[in-house]
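Descriptive structure summary
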Amino acid sequence: MINLSTLKTLAASFILLFAANTVFSQSAQTELEIIQEAFGLDKKVAVANFMELGDAAKSFWNIYDEYEAEHKELGKMRLKIIADYAKSYPTISDEQILELFKRTEAFKKSFGKLQKTYFNRMRKEVGTSKAAQFWQLENYFNAMIQAEIYAQIPFIGENLDEN
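About the cut-offs
Residues numbered from 1 in each chain as written. Predicted model: local features only at pLDDT ≥ 70, side-chain atom pairs only at ≥ 80, totals over all residues. Heavy atoms only, no water. Helix = DSSP H or I, 4+ residues; strand = E, 2+ residues; numbered from the N terminus. Buried < 20%, exposed > 50% of the residue type's maximum accessible area, 1.4 Å probe, protein only. Lys, Arg positive; Asp, Glu negative; His and termini not counted. Salt bridge = Lys/Arg side-chain N within 4 Å of Asp/Glu carboxyl O. Contact = heavy atoms within 4.5 Å. 1 Å grid on protein atoms, 1.4 Å probe; cavity = no way out; pocket = protein on both sides within 12 Å on 5 of 7 lines; lining within 4 Å. Points joined across faces, edges and corners; volume = space filled by probe spheres on them. Nonpolar A, V, L, I, M, F, W, Y, C, P; charged D, E, K, R; others polar. Phe/Tyr/Trp six-rings, centres within 6.5 Å; stacked < 30°, edge-to-face > 60°. Axes fitted to C-alpha atoms, helices over the stretch in contact; angles between N-to-C directions. Parallel < 35°, antiparallel > 145°, perpendicular 65-115°, else oblique. Expected span 1.5 Å × (residues − 1). pLDDT = per-residue confidence, 0-100.

Now for the environment of Lys58. Relative to the elements of secondary structure, Lys58 occurs in helix H3 (residues 57–88). Between the alpha carbons of Lys58 and Val126 there is a distance of 9.6 Å; along the sequence they are 68 residues apart.

Encoded structure:
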């Protein structure tokens, strides 16, 4: 079993790979897919090393793979929102801000629904504790990704020439 300190270091590496190649850029679709695939494979290794699944492993991984496929699609939605913001920045209009806000809220709602659906499926198949353990880890990864994204994106009205 991997210790929490090693997991955090591994997670930070994933986030840097993710952020360095996707945030505030106009990456090609194939580049995005390569990054998502690499992150997904490394993440799966981290999850496998962190969790002790025992007899529940097969059920867990089947559900996990389905979850990751849907999560990857939502990730594309998030990156599209970021790319659209980047294209509009620094002359973004109020209408564009409102549209991006609505899309961001729709993304958050979809992500919350995805988490709830798959937590309940995992809970039924592998037990509440293992499902909760995965969601703690998943929420940790997502919080790190979100923090890195916010660190890379300028605030509306921020003058980038002054930095």
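Now that the structure is up, let's keep going.
Relative to the helices and strands, Arg78 is located in helix H3. In this structure, Arg78 is buried with no salt-bridge partner, the nearest side chain bearing the opposite charge being Glu138 at 7.6 Å. The contacts of Arg78, once residues within four sequence positions are left out, are Phe107, Asn142, Ile145, Gln146 and Ile149.

Counted as a void, the largest pocket has a volume near 700 Å³. In this structure, the largest pocket is lined by 21 residues; those nearest its centre are Ile81, Thr104, Ile149, Tyr150 and Ile153. Looking at the lining of the largest pocket, its residues break down into 15 nonpolar, 4 polar and 2 charged.

Here the structure, examined in full by the defined rule, presents 12 aromatic pairs. Geometrically, the ring pair formed by Phe60 and Trp61 is edge-to-face, given 4.9 Å between the ring centres and 80° between the ring planes. The class of Phe60 is buried, set by a relative accessible area of 0%. Ring centres of Tyr85 and Tyr89 lie 5.7 Å apart, and the angle between their planes is 45°; this geometry places the pair in the tilted category. For the pair formed by Tyr85 and Tyr89, the shared burial category is buried. Members of the aromatic cluster, joined through ring pairs, are Phe60, Trp61, Tyr64, Tyr67, Tyr118, Phe134 and Trp135.

Below, the discussion takes up the environment of Gly54. Its place among the elements puts Gly54 in the loop between helix H2 (29–50) and H3. Remark: the alpha-carbon pair of Gly54 and Val126, spanning 72 residues in sequence, is separated by 9.9 Å.

With that settled, consider the packing of H3 against helix H4 (residues 94–126). Relative to each other, H3 and H4 sit at 170°, their axes nearing to 10 Å. The angle between the axes of H3 and H4 places the two elements in the roughly antiparallel class. Of the residues assigned to the contact of H3 with H4, the class counts are 15 nonpolar, 6 polar and 8 charged.

All right, on to the pattern of salt bridges then. Counted by the stated rule, this structure contains 8 salt bridges. Linking Asp84 and Lys87 is a salt bridge whose minimum nitrogen-to-oxygen distance equals 3.8 Å. Placement of the pair is Asp84 and Lys87 together in helix H3, with a separation of 3 residues, close to one helical turn. What makes Asp84 buried here is its relative accessible area of 14%. Salt bridges sharing common partners tie together Lys80, Asp84, Lys87, Glu99 and Arg103.

Next up on the list: helix H5 (residues 128–152). Compared with the 36 Å implied by 1.5 Å per residue over 25 residues, the 36 Å span of H5 between its first and last C-alpha is a close match. Listing the buried residues of H5 in full gives Ala131, Gln133, Phe134, Trp135, Leu137, Glu138, Phe141, Asn142, Ile145, Glu148 and Ile149.

Right, let's talk about the confidence of the model for the protein for a bit. Per-residue pLDDT for the protein averages 78, and the proportion of residues at 70 or more is 72%. Averaged over each element, pLDDT in the protein is lowest for helix H1 (residues 4–22) (50) and highest for H4 (95). In this model, residues 13–32 is a region of pLDDT below 50 whose contacts with residues beyond four sequence positions or in other chains number 41 contacts.

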